[in-house]
Amino acid sequence: MKSKIFLGIFKEPVDYIKFSGGEIQISLSEVHRNFLVSKELEGQINITAHVKCSEGIILLSQLKNLIDNLNLKEKIVLSLPYVPYARYDRTMLNPDSFSLQVFANLLNLLNFDEVIVQDCHSEVTTDLINNCINLSQYQLIKDVFDFSSYDLIVAPDKGSLFKVARIAKLLNKELIICNKVRDQTTGSLSLSYDILSRTNIIKGKNVLILDDICDGGGTFMLAGKELLKYEPNNLGLCITHGIFSKGVDTLKEVFDEIYAYNLWEEDLDIQYNIQF
């Protein structure tokens, strides 16, 4: 899966060559080169990085090094919509690697003047990455998404509760709280969900689940099936980062609408998707 890194406003990503030993080397087009040596940088250079693999981290590092070698005085701003390793925001085993910290340490070595991320998984990201600004899910979609058609907002698990509760309050919508049920003897997830709010308010209502990432979709499938037991009129899913690693067909069996702000695969066939 190839990462894409964009320089300035140009629609063509920064290219690279790959050597037989596996190493990559940045290869700027004439347009990109002319941009960097022009007198029209207007005090700031913007880089947008959609990092989907480790090669993307190396390519981003090479681009920043190339710009640094020009000794420019411009402010360099990185837009990193999806933060790699953001979900591994703590050690989980003993011993273990704190993978988000490893990535943040590498990124901080590049000394960006500003790093703008979108709906990062937890506040640990902004704590670890220098000069980091997080754009919340609400900031990203409030002007382009019609919340008025939904009656209830759902937090699919306790990890999403704080963020989703804030959005529900801003929208003056009632909040439904779900939680994964665990086997207390093993600690593993069982295939069921608890709905911790009043289930009697769900019937006949338009219900929307909010969260940051949909990867395989297992969390949303379980939550959605549990919510359907209480006969909502409509069930929607709105996420910021749509990876959809197991496709979307099974999700469409549960949800009437699926909304994604960032799609991992641009040509992903999502019948009900609206990419903002």
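The rules behind these values
- Each chain has its residues counted from 1, following the order in which its sequence is written.
- This being a predicted model, a pLDDT of at least 70 is required before a residue's local features are given, and a value of 80 or more before pairs of side-chain atoms are given or counted; all residues contribute to the totals for chains, interfaces and linings.
- To obtain the side-chain values, all non-hydrogen atoms of the structure were used and water was disregarded.
- By the criteria applied, helices consist of DSSP H or I runs no shorter than four residues and strands consist of E runs no shorter than two, each listed in order from the N terminus.
- Using a 1.4 Å probe on the protein chains alone, a residue whose accessible area is under 20% of its type maximum counts as buried, one over 50% counts as exposed, and one in between counts as partly exposed.
- The contact criterion used throughout is that any non-hydrogen atoms of two residues lie within 4.5 Å.
- Per-residue accessibility takes into account occlusion by the displayed protein chains alone, with areas from the Shrake-Rupley method and a 1.4 Å probe.
- Positive: Lys, Arg. Negative: Asp, Glu. His and the chain ends are not part of the count.
- We put the charge of a Lys on NZ, of an Arg on CZ, of an Asp on CG and of a Glu on CD.
- For the purposes of these results, a polar contact is taken to be a pair of N or O atoms within 3.5 Å, where, inside protein, one atom must be able to donate a hydrogen and its partner to accept one; residues adjacent in sequence count only when each atom of the pair is a side-chain atom.
- Throughout, the arc means the angular range of directions from the helix axis out to the C-beta atoms.
- At least two bridges found by DSSP between two strands are what make those strands a pair.
- Axis lines are fitted through C-alpha atoms, for helices just across the contact stretch, and the angle between N-to-C directions can take any value from 0 to 180 degrees.
- Every case where a carboxyl oxygen of Asp or Glu lies within 4 Å of a side-chain nitrogen of Lys or Arg is listed as a salt bridge.
- Buried and open spaces are told apart on a 1 Å grid over the protein atoms alone, a cavity being a set of points where a 1.4 Å probe fits but cannot get out and a pocket being an open set with protein on both sides within 12 Å along at least five of seven lines. Residues with an atom within 4 Å of a point are the lining residues.
- Grid points are joined across faces, edges and corners, and a volume is the space filled by probe spheres set on the points.
- Gly counts as polar in this scheme, as do all residues outside two lists: the nonpolar Ala, Val, Leu, Ile, Met, Phe, Trp, Tyr, Cys and Pro, and the charged Asp, Glu, Lys and Arg.

A.B. asks: Quick one: what's the story with the overall build of the chain, residue by residue and with numbers?
C.D. replies: A count of helices and strands for the chain gives eight helices and 14 strands. In terms of its C-alpha atoms, the chain occupies a principal-axis envelope of roughly 65 × 45 × 35 Å. For the chain, with 276 residues in total, the buried portion stands at 45%. In the chain, 58% of the contacts between residues at least 6 apart in sequence involve partners at least 24 apart. When the accessible surface of the chain is split by element, carbon and sulfur atoms take 48% of a total near 14,900 Å². Here the chain contributes 27 positive and 36 negative side-chain charges, whose respective centroids are spaced 3 Å apart.

A.B. asks: Hey, could you go over the side chain of Lys163 for me, with residue numbers and the actual values?
C.D. replies: With respect to the helices, strands and loops of the structure, Lys163 is situated in helix H6 (residues 158-171). A relative accessible area of 16% places Lys163 in the buried class. One polar contact links Lys163 to Asp119, side chain to side chain, over a distance of 3.2 Å.

A.B. asks: Requested: an account of helix H1 (residues 30-37), with residues and values cited.
C.D. replies: Looking at H1, one finds that the buried residues are His32, Phe35 and Leu36. Each buried residue of H1 lies within a common arc of 95° when the element is viewed along its axis, so the set occupies one face. Opposite the buried face of H1, by more than 90 degrees, sit the exposed residues Glu30 and Val37. Summarising the contacts, the buried residues of H1 are in contact with strand S1 (4-7), strand S4 (44-50) and helix H2 (54-68).

A.B. asks: Any details on the sheet that holds strand S5 (residues 75-80)? Residues and values, ideally.
C.D. replies: Paired through their backbone hydrogen bonds, the strands of a sheet run either parallel or antiparallel. With mixed pairing, five strands are arranged side by side in an open sheet as S1-S4-S5-S6-S7. The strands lining the two open edges of the sheet, one partner per strand, are S1 and strand S7 (132-135). Across the sheet, the mean angle separating the axes of adjacent strands is 20° when strand polarity is ignored. One ladder, built from four bridges, connects S1 with S4; its direction is antiparallel. Bridge pairing in S4 places Phe6 opposite Thr48.

A.B. asks: Which residues make up the environment of Gln44, and what are the values?
C.D. replies: Here Gln44 is to be found in strand S4. Under the relative-accessibility criterion, Gln44 is labelled partly exposed at 31%. C-alpha of Gln44 to C-alpha of Ser149: the two residues are 105 residues apart in sequence and 40 Å apart in space. Not counting residues up to four positions away in its chain, the partners in contact with Gln44 are Glu74, Lys75 and Val77.

A.B. asks: Could you give an account of the pattern of salt bridges, with specific residues and numbers?
C.D. replies: Oppositely charged side chains can form a pair if their charged atoms are brought close together. If you walk through the whole model with that rule in mind, you get eleven salt bridges. Residues Lys75 and Glu114 are paired through a salt bridge, measuring 3.3 Å at the closest nitrogen-oxygen approach. Taken as a pair, Lys75 in strand S5 and Glu114 in strand S6 (residues 114-118) lie far apart in primary sequence, 39 residues in all. Residue Glu114 is classed as buried on the basis of its relative accessible area, which comes to 19%. Notably, a salt bridge pairs Asp215 with Arg87, separated by 3.0 Å at the nearest N-O pair. Of the two residues, Asp215 sits in the loop between strand S11 (206-214) and helix H7 (218-228) while Arg87 sits in the loop between S5 and helix H3 (99-108), which places them 128 residues apart along the sequence.

A.B. asks: Just give me the short version of empty space enclosed by the protein, but keep the residues and values in it.
C.D. replies: Tallied over the entire structure, the rule returns one cavity of 30 Å³ or more. Reported here for the largest cavity is a volume of approximately 40 Å³. In terms of lining residues, the largest cavity is bounded by Tyr82, Val83, Ala86, Gln118, Asp119, Cys120, His121, Asp212, Ile213 and His241. Grouping the constituent residues of the lining of the largest cavity by class yields five nonpolar, three polar and two charged.

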